[in-house]
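# Examination of the molecular architecture
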Amino acid sequence: MLQTLTMDGREAGTWRFSELSTKGRHLLGGHLVVSSFDGFHRGHQALMHHAKQVSAADGSPVVALLFDAASDDARTPLAQSEEVARRLRLQGGADVVALGFASNASWLECQALCELLREFAPKSITVGANFRFGPKSSIGSQVLASMARSYAISTTVMETVACEECGPITAANIRQHLAAGDIRAANRLLGRNWTIEGPVVHGYKRGRELGFPTANVQPVHRLDLAHAIYAVRVYAGERVLDGVACYGTRPQFDDGAPALEVHILDFAGDLYGQRLRVEFVAHQRPELKFSGVDDLVRQMEIDRAEARELLAA
Ligand SMILES: Cc1cc2nc3c(=O)[nH]c(=O)nc-3n(C[C@H](O)[C@H](O)[C@H](O)COP(=O)(O)O)c2cc1C
Ligand SMILES: Nc1ncnc2c1ncn2[C@@H]1O[C@H](COP(=O)(O)OP(=O)(O)O)[C@@H](O)[C@H]1O
């Protein structure tokens, strides 16, 4: 089964392989880019850039074949799937075909992929060197390349690029930086600021007592993010607001389940039920337990002033 996505990432339709030649006629003979596009980081952007350059020579479309490994809920999301589809279209100019291939796809599904490649009859394939799929991720990009060569499809395997200070541009490395709280490194590898979204839910109503009301944003997925204070930008509908966020267990109080709490600067209003997008700009300090609540509040005032400066820079 193939799933095609619209501009904003919603499903446009589900096709059988056999329907590709009729419904997907416009996608045939294009330049395929094969990836999970997990996070649409700078490595993926380089793949799209390459395919776009190749396609400029003959005018055939760029088609992104998106392996749907990003729907793995156990991992920190680097981008929502709608965001990935939107960026593929905007930055890559690509039509997007999403495949329900999990990273542990069966051999049968891998065979189906070979058939699919034949059906697409692409003019070229672009793939990253560390792309893997199939049972226990046992099939690498080189196997894909030699398979494609046997169909006389020209294939480019692009090496993983590294950033001098931040290491390889891979989704795994970006997740490691997030787990360590190194937002600047994660953002550099992503090529944009890491952003998550969720609805504002009720908390313990303690924030307003402290003079720091905090919107509790509930992310859809689990986050493996360092427990710390961050300077953030908040997108609430049309509004873009500066904020200071705490992600952690609140050792000063309940030491409970990890939560993301966002205090918006120079703002007063009811946000419950609204969907907020929180863009992480900089790490400020680790979450701590102070000798008393007054000390915590004094530190929060310093955090707020520092966030203001970081966001103005
Ligand atoms: C800028 C800022 C810094 C914070 N730092 C800490 C901290 O170091 N330790 C801690 O336990 N909680 C910290 N918090 C979380 C507060 O304890 C939390 O916002 C408060 O308990 C309100 O919770 P509520 O929204 O459930 O009412 C911080 C919150 C903000 C906005
Ligand atoms: N500057 C602000 N930043 C964040 N939330 C604010 C702000 N001003 C008002 N609010 C409102 O206050 C709520 C947070 O207050 P708080 O006492 O921390 O309650 P809760 O424990 O339910 O989060 C937010 O959900 C929002 O509706």
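This text gives an overview of the structure that appears in the document. From a predicted model like this one, the values you see are computed outputs, not experimental measurements.

### A closer look at the nonpolar core
Counting 35 residues, the largest nonpolar core has Trp194, Leu225, Tyr230, Leu260, Val262 and Phe280 as its most contacted members. Broken down by secondary-structure element, the contributors of at least two residues to this core are helix 6 (171–179), helix 7 (183–190), strand 12 (195–201), strand 13 (215–217), strand 14 (228–236), strand 15 (239–248), strand 16 (259–264) and strand 17 (275–286). If we ignore the near neighbours within four places in the chain, the residues touching phenylalanine 280 are Ile183, Asn187, Asn193, Trp194, Ile196, Leu225, Tyr230, Ala231, Val232 and Leu260. One finds Leu117, Phe133, Ala148 and Ile153 within the second-largest nonpolar core, a separate group that totals 23 residues.

### Things to note about the pairing of strand 14
Most of strand 14 sits out of view: seven of its nine residues are buried. Where strand 14 and strand 15 come together, nine bridges link them in antiparallel fashion. Each residue of the ladder has a partner; that of isoleucine 229, found in strand 15, is cysteine 246. With antiparallel pairing between neighbouring strands as the criterion, strand 14 and strand 15 make up a hairpin whose turn holds two residues, including glycine 237 at a positive phi of roughly 60 degrees. In this sheet, strand 17 lies alongside strand 14 in antiparallel orientation, the contact comprising nine bridges. Across the sheet, residue alanine 236 finds its bridge partner in strand 17, namely leucine 276.

### A look at the site of ligand 2
Near ligand 2 you find 20 residues, and of these Gly203, Lys205, Arg208, Leu271 and Tyr272 are the closest. Taking threonine 214, its main chain carries an N or O atom lying 2.9 Å from an oxygen atom of ligand 2. Within the backbone of glycine 269, an N or O atom sits 3.2 Å from a nitrogen atom of ligand 2. Coverage of ligand 2 by the protein chains reaches 94% of its 560 Å² of free accessible surface. Those elements giving two or more residues to the shell around ligand 2 turn out to be helix 8 (207–210), strand 13 and strand 16.

### Considerations on the pattern of salt bridges
Pairing is possible between side chains that carry opposite charge, provided their charged atoms lie close to one another. Within this structure, the stated rule accounts for 13 salt bridges. Here glutamate 165 and arginine 188 are joined by a salt bridge, their closest N and O atoms 2.9 Å apart. In this pair, glutamate 165 is assigned in the loop between strand 10 (162–163) and strand 11 (167–168) and arginine 188 in helix 7, connecting sequence segments 23 residues apart. A residue is classified by how much of its surface remains accessible, and glutamate 165, at 63% relative accessible area, is exposed. Note on arginine 188: relative accessible area 40%, which makes it partly exposed. Between arginine 275 and glutamate 197 there is a salt bridge; the shortest N-O distance is 2.8 Å. With arginine 275 in strand 17 and glutamate 197 in strand 12, this pair connects stretches of sequence that are 78 residues apart. Note on arginine 275: relative accessible area 43%, which makes it partly exposed.

### Side note on the sheet that holds strand 14
A barrel is described by the order of its strands in space; here six strands give the closed sequence 12-13-16-15-14-17, paired in antiparallel fashion. Mean inter-strand twist for the sheet, computed between neighbouring axes without regard to direction, equals 45 degrees. Pairing geometry for strand 12 and strand 17, over five bridges, is antiparallel. Bridge pairing in strand 17 links isoleucine 196 to valine 278. In the packing of helix 7 onto the sheet, contacts are made with strand 14 and strand 17, and the angle to strand 17 comes to roughly 130 degrees. Most of the contacts of helix 9 (residues 293–312) go to strand 17, to which it runs at about 105 degrees, and overall it touches strand 14, strand 15, strand 16 and strand 17.

### Overview of the site of ligand 1
Around ligand 1 sit 22 residues in total, of which Arg206, Gly207, Thr214, Glu261 and Leu288 are the nearest. The backbone of glycine 207 places a nitrogen or oxygen atom 2.9 Å from an oxygen atom of ligand 1. Contact distances for ligand 1 include 2.9 Å between an oxygen atom and a backbone N or O atom of glutamine 252. Isolated, ligand 1 exposes 630 Å² of accessible area, and the fraction of that covered by the protein chains is 99%. When residues of the shell around ligand 1 are traced back to their parent elements, those giving at least two are strand 15 and helix 9. Along the lines of polarity and charge, the residues of the shell around ligand 1 split into ten nonpolar, five polar and seven charged.

About the cut-offs
- Residues numbered from 1 in each chain as written.
- Chains lettered and ligands numbered in written order.
- Predicted model: local features only at pLDDT ≥ 70, side-chain atom pairs only at ≥ 80, totals over all residues.
- Heavy atoms only, no water.
- Core = buried A, V, L, I, M, F, W, Y, C linked by side-chain atoms within 4.5 Å.
- Buried < 20%, exposed > 50% of the residue type's maximum accessible area, 1.4 Å probe, protein only.
- Helix = DSSP H or I, 4+ residues; strand = E, 2+ residues; numbered from the N terminus.
- Contact = heavy atoms within 4.5 Å.
- Pairing = 2+ DSSP bridges.
- Near = heavy atom within 4 Å.
- Polar contact = N/O pair within 3.5 Å; in protein donor to acceptor, adjacent residues only side chain to side chain.
- Areas by Shrake-Rupley, 256 points an atom, 1.4 Å probe, with all protein chains shown as cover.
- Salt bridge = Lys/Arg side-chain N within 4 Å of Asp/Glu carboxyl O.
- Axes fitted to C-alpha atoms, helices over the stretch in contact; angles between N-to-C directions.
- Nonpolar A, V, L, I, M, F, W, Y, C, P; charged D, E, K, R; others polar.

Nothing here speaks to function; it is all geometry.
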